[in-house]
Each structure stands twice: as structure tokens, then as C-alpha cells.
Amino acid sequence: MTAVFSHGRLRLYLLKLLDDGPKHGYELIRLLEDRFLGLYAPSAGTIYPRLQRLEAEGLVSHTAAGGRKTYDITDAGRAELRQRADELTALEADIAASVADLSTLAGEIRSEVRGSVRDLKRELSEATRQTRRARWAAPPPPPRPTSTGGPRTALLDELDERLAAFTAEVSRLARARQFSDTQLRTAIRLLDGALDGLRRLLR
């Protein structure tokens, strides 16, 4: 869970979302994901136990239809929102700051990944050009088994070195300061996207 929702603040925000109208658990999860620009989404295991506790305390109620529970805030829940209006205002400000931080981090990681992919493409292109020039400038070498190496093996070795350097740099960036689980999950998704791009490039 993102740090802004520590110390029971997620409970308060769920009341705030339900004050806008009845919702089922999946809608609450999607609303929170939208609020964090897709960079954080609570799990069902985070949301539903809190809704059950809110209901046990009389702050929300639910109706069931088609196997799905729809939750609604009660008068007692609205009273708690009024009593904690200042706390809710502070929470909204913290959420806005957290979203800004997550967006900045995501932008930095995307820039690093794009830069690394550009470098990899440049190195591969240069190695290919050098290999072609060498083939034209020198007589063809005598045939030898593929297993003994050659330009392709050299390129693959170079690719391995670049990927190792890329991995080390991403790991260094991730450990440069303390990141939340949400931020690290975002970094992993971005790396997955870079991997898909490389798969398309190297097919």
C-alpha cells in the first residue's frame, strides 16, 4: 500500500469515495488506480477487508445483486467524514504530492530505459557496420565450424556485455534511494515494456 494510506487513512478515503455514490469493490479499486494515474492500484485483499470493517462499525452498508455487493455510506459514515474534514483535506494534498513523485520517478525510469535502448541499437548498428567493412577489406577467412566463434559470436558477446551493464545500471538506480513497493512495481512494468521492444527489434 502506498505510504499516504498508512495509519488508517485508506478507510477515510473509501468513505470519501462512497460519499459520491454507491459502488462495488471493483469500482473503488479502479477509482483509486485512476487517482494515482495507473501507478498504484490496491488489491482486492486490501479493499474488501476494510469495507467489511467499515460495515461492522456501521459506517457503510451493502446490498447484494447478481453475486456482487454494492456498498453505500451510512449517516454515521457521513458524520465521520464531517468530523475528519481537515484530515481528509490533508490526505488529498498528500495524494497529489505522491502522484507527482510517482510520475517523476516513472518519467526518469522511462528516460533511462529509452536511453539504454537507443545506446544498444547504436552499438549493434556500429558493430554491424564494422563487421561489413571488415568483410569487404579482407579476404574471406577459411571456413570453420560455427561453434568456434566469428562475427556473429562477437556480436552476441557484445550484446551480453551491454545487457549486463544495463542491468547493473538499472539496479544501481533502484538502490540509489529508498523507493516504495509501488514505485518498484512501476519500474518493473517499464522494464517489461523495454523487453518487449527489444524482442521486436531482434526478431
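Everything here concerns the structure above.
Reading the values: the criteria
Residues numbered from 1 in each chain as written. Predicted model: local features only at pLDDT ≥ 70, side-chain atom pairs only at ≥ 80, totals over all residues. Heavy atoms only, no water. Helix = DSSP H or I, 4+ residues; strand = E, 2+ residues; numbered from the N terminus. Salt bridge = Lys/Arg side-chain N within 4 Å of Asp/Glu carboxyl O. Buried < 20%, exposed > 50% of the residue type's maximum accessible area, 1.4 Å probe, protein only. Polar contact = N/O pair within 3.5 Å; in protein donor to acceptor, adjacent residues only side chain to side chain. Contact = heavy atoms within 4.5 Å. Expected span 1.5 Å × (residues − 1). Arc of directions from axis to C-beta.

Colleague: Sorry, what's going on with unusual backbone geometry here?
Modeller: Excluding glycine, residues mostly carry a negative phi; peptide bonds, for their part, are mostly trans. With phi around 55 degrees, L37 is a residue other than glycine that occupies positive phi space. Summarising the element assignment, L37 is placed in the loop between α2 (25–35) and α3 (44–56).

Colleague: When you look at the pattern of salt bridges in this model, what are you seeing that I'm missing?
Modeller: Enumeration over the complete set of coordinates arrives at 10 salt bridges. Of the charged contacts, one joins D94 and R9 as a salt bridge, the two residues approaching to 2.9 Å between their closest N and O atoms. One end of the pair, D94, is in helix α5 (residues 85–137); the other, R9, is in helix α1 (residues 9–19), with 85 residues separating them in the sequence. Assessed through its relative accessible area of 32%, D94 is described here as partly exposed.

Colleague: How should the side chain of T74 be read in this particular structure?
Modeller: Here T74 lies in the loop between β3 (68–73) and α4 (75–83). Judged by its relative accessible area of 18%, T74 is buried. Within the structure, T74 has its side chain in polar contact with the backbone oxygen of G58 (distance 2.6 Å). Within the local environment of T74, its side chain forms a polar contact with the backbone oxygen of L59, the two atoms lying 3.0 Å apart. Beyond its immediate sequence surroundings of up to four residues, T74 is in contact with G58, L59, V60 and S61.

Colleague: What is the right way to look at the side chain of R84 in this model?
Modeller: Within the secondary structure layout, R84 lies in the loop between α4 and α5. Setting aside residues no more than four positions away along its own chain, R84 makes contact with G8, R11 and L12.

Colleague: Would you take a moment to explain the environment of E80 for this structure?
Modeller: Its place among the elements puts E80 in helix α4. Each C-alpha atom of the pair E80 and L15 lies 8.7 Å from the other, and the pair is 65 residues apart in sequence. Apart from residues lying up to four places away in sequence, E80 is in contact with R11, L15 and L59. Among the polar contacts made by the side chain of E80, one reaches the side chain of R11 at a distance of 3.1 Å. At 2.7 Å, the side chain of E80 and the side chain of R84 are in polar contact.

Colleague: How do you make sense of α3 when you look at a structure like this?
Modeller: Note that an α-helix has 3.6 residues per turn; residues three or four places apart therefore point the same way. Between its terminal C-alpha atoms α3 stretches 18 Å, which fits the 18 Å expected from 13 residues at 1.5 Å a residue. Of all the positions in α3, only T46, I47, L51 and L54 are classed as buried. Across the axial projection of α3, the buried residues extend over an arc of 115 degrees, all falling on one side. Exposed residues pointing more than 90 degrees away from the buried face of α3 are listed as G45 and A56. Of the residues one or two after α3, G58 is the one with positive phi, at around 80 degrees.

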